[in-house]
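Fold and contact review
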Amino acid sequence: MAGYVGDVAIAYDRDLGPVLFEHYAVDIARRATKGLVRHVLEIAAGTGIVSRQLRNVLPKDALLTAIDISDSMMDVAHTKFLPHEQVTFQIADATALPFDNEAFDAVVCQFGVMFFDKDAGFRQVHRTLRRGGRYLFSVWDSRRYNPFASLTFEVMKQFFPSNPPRFLEDPVSCFEIDPIKETLIRSGFERIAISVQPWEYDILDVSAFARGLVFSPLIEEIRERGGVDPEKIVEVLAEALTREYGSNPTRYPMQAILFEAEKP
């Protein structure tokens, strides 16, 4: 994903991955590999959190192709696999997939569609899926249900009242179900199933989680504005999370929306 470069990719994987992504990765991988699935494409694979779960449940001779637009994210993903495992990593654009028509049995994208044009992206998935193939993707519900966005934004306003950094608003920008469903239908998909997925995670190291949020691509906006030590923002955000959701552990709530669609 754009913006996740260098150390940002490492912090994303280490500090945010266990809290925000791993539970949903296990679920989407299990759903995607139902039935006879021999070749899977993962879009916006990032640091390989879903890729690892897909490879765990796919047959040994099945193929997994994982794409992202960030070299740094792909570098982290590579470290999670042994040379003999059937995984191909590739830098590619979700709106211009470099694959043949009807190449895949399933396509998966966890928390990625908010970062690219959905009309173009969905058409590309439809083109590259075999008939009867399935497209599974998840988005975050609104900021109301996801404090990583809402609480971080409130903390940003404390430090930058006139122009708070807004990167973490982007991940929670695709929560309206009907427009996404209509885009899937226009792209040729049928049998669309939608499920809301609440989850709660016990954070043992809330400072690490807060650091992962601050040292996401949000850090570039913070540095552009200047005048504030990012570690101070981490401290205040950790305090806000603990105050809101307790400590030892911090019982952190979140909510995703999963879409499953089929190419007829």
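Structure first, text after, so check above.
Calculation criteria
- Residues numbered from 1 in each chain as written.
- Predicted model: local features only at pLDDT ≥ 70, side-chain atom pairs only at ≥ 80, totals over all residues.
- Heavy atoms only, no water.
- Helix = DSSP H or I, 4+ residues; strand = E, 2+ residues; numbered from the N terminus.
- Buried < 20%, exposed > 50% of the residue type's maximum accessible area, 1.4 Å probe, protein only.
- Contact = heavy atoms within 4.5 Å.
- Areas by Shrake-Rupley, 256 points an atom, 1.4 Å probe, with all protein chains shown as cover.
- Pairing = 2+ DSSP bridges.
- Axes fitted to C-alpha atoms, helices over the stretch in contact; angles between N-to-C directions.
- Parallel < 35°, antiparallel > 145°, perpendicular 65-115°, else oblique.
- Left-handed = near helix turned anticlockwise from the far one by under 90°.
- Nonpolar A, V, L, I, M, F, W, Y, C, P; charged D, E, K, R; others polar.
- Phe/Tyr/Trp six-rings, centres within 6.5 Å; stacked < 30°, edge-to-face > 60°.
- Polar contact = N/O pair within 3.5 Å; in protein donor to acceptor, adjacent residues only side chain to side chain.

On a plain count of helices and strands, the protein comes out with nine helices and seven strands. In terms of overall dimensions, the protein has a C-alpha envelope of 55 × 40 × 35 Å along the principal axes. Counting across all 264 residues of the protein, residues that qualify as buried make up 56%. When contacts within the protein are restricted to residue pairs at least 6 apart in sequence, long-range pairs at least 24 apart make up 78% of them. Accessible surface, the protein as shown: approximately 11700 Å² in total, 49% of it carbon and sulfur.

Glancing now at the pairing of strand β1 (residues 39-42). Of the two faces of β1, both are covered, the one formed by His39 and Leu41 as well as the one formed by Val40 and Glu42. Pairing of β1 with strand β2 (residues 63-68) involves four bridges; the strand directions are parallel. Bridge pairing in β2 places Leu41 opposite Thr65.

Here the focus is the packing of helix α1 (residues 7-32) against helix α7 (residues 206-214). For the pair α1 and α7, interaxial distance at closest approach is 8 Å and the crossing angle is 120 degrees. Relative to α7, the element α1 is oriented oblique. As for how α1 packs across α7, the hand of that crossing is left-handed. Two secondary-structure elements touch here, α1 through Ala11, Asp15, Leu16, Val19 and Leu20 and α7 through Ala208, Phe209, Gly212 and Leu213. Class assignment of the residues belonging to the contact of α1 with α7 gives a composition of seven nonpolar, one polar and one charged.

With mixed pairing, seven strands are arranged side by side in an open sheet as β3-β2-β1-β4-β5-β7-β6. What marks the edges here is a single partner per strand, and that holds for β3 (87-91) and β6 (190-203). Here the average twist between neighbouring strands, direction ignored, is 20 degrees. Of the strand pairs in this sheet, β2 and β3 are connected by five bridges, and their pairing is parallel. Residue Ala66 lies in a different strand from β3, and its bridge partner there is Phe89. Packed on one face of the sheet, helix α6 (residues 177-186) meets β5 (129-140), β6 and β7 (250-262) and runs near 25 degrees to β7.

Let's shift gears to the packing of aromatic side chains. Going through the model one piece at a time under the given rule, you end up with 17 aromatic pairs. Ring centres of Tyr24 and Phe111 lie 5.7 Å apart, and the angle between their planes is 85 degrees; this geometry places the pair in the edge-to-face category. Pair noted here: Tyr24 is in helix α1 and Phe111 is in the loop between β4 (104-110) and α4 (118-128), with a separation of 87 residues, a long-range link. Where Phe115 meets Phe167, the ring centres are 6.3 Å apart and the plane angle is 10 degrees; that geometry is what we call stacked. Here the residue Phe115 occupies a position in the loop between β4 and α4, and Phe167 occupies one in the loop between α5 (147-159) and α6, the gap between them amounting to 52 residues.

Turning our eyes to something else, we now look at the side chain of Thr47. Along the chain, the position of Thr47 falls in the loop between β1 and α2 (49-57). Since its relative accessible area comes to 1%, Thr47 is described here as buried. When sequence neighbours within four positions are dropped, the list of residues in contact with Thr47 reads Ala9, Tyr12, Asp13, Met73, Val76, Ala77 and Lys80.

It is worth spelling out unusual backbone geometry at this point. In this structure, Pro249 follows Asn248 across a cis peptide bond, with omega equal to 0 degrees. By the element assignment, Pro249 lies in the loop between α9 (230-245) and β7. Backbone geometry places Ala44, a non-glycine residue, at a positive phi of 55 degrees. With respect to the element layout, Ala44 can be found in the loop between β1 and α2. What makes Ala44 buried here is its relative accessible area of 13%. The phi dihedral of Arg191 is positive, around 50 degrees, even though this residue is not glycine. Tracing the backbone through its elements, the reader meets Arg191 in strand β6.

We now examine helix α3 (residues 71-78). Two residues of an α-helix separated by three or four positions point the same way, owing to the 3.6 residues in each turn. Of all the positions in α3, only Ser72, Met73, Met74, Val76 and Ala77 are classed as buried. Turning to α3, the residues buried within the fold contact α1, β2 and β3. Two or three places before Ser72, at the opening of α3, Ser70 has a side-chain oxygen 3.4 Å from that residue's backbone nitrogen.

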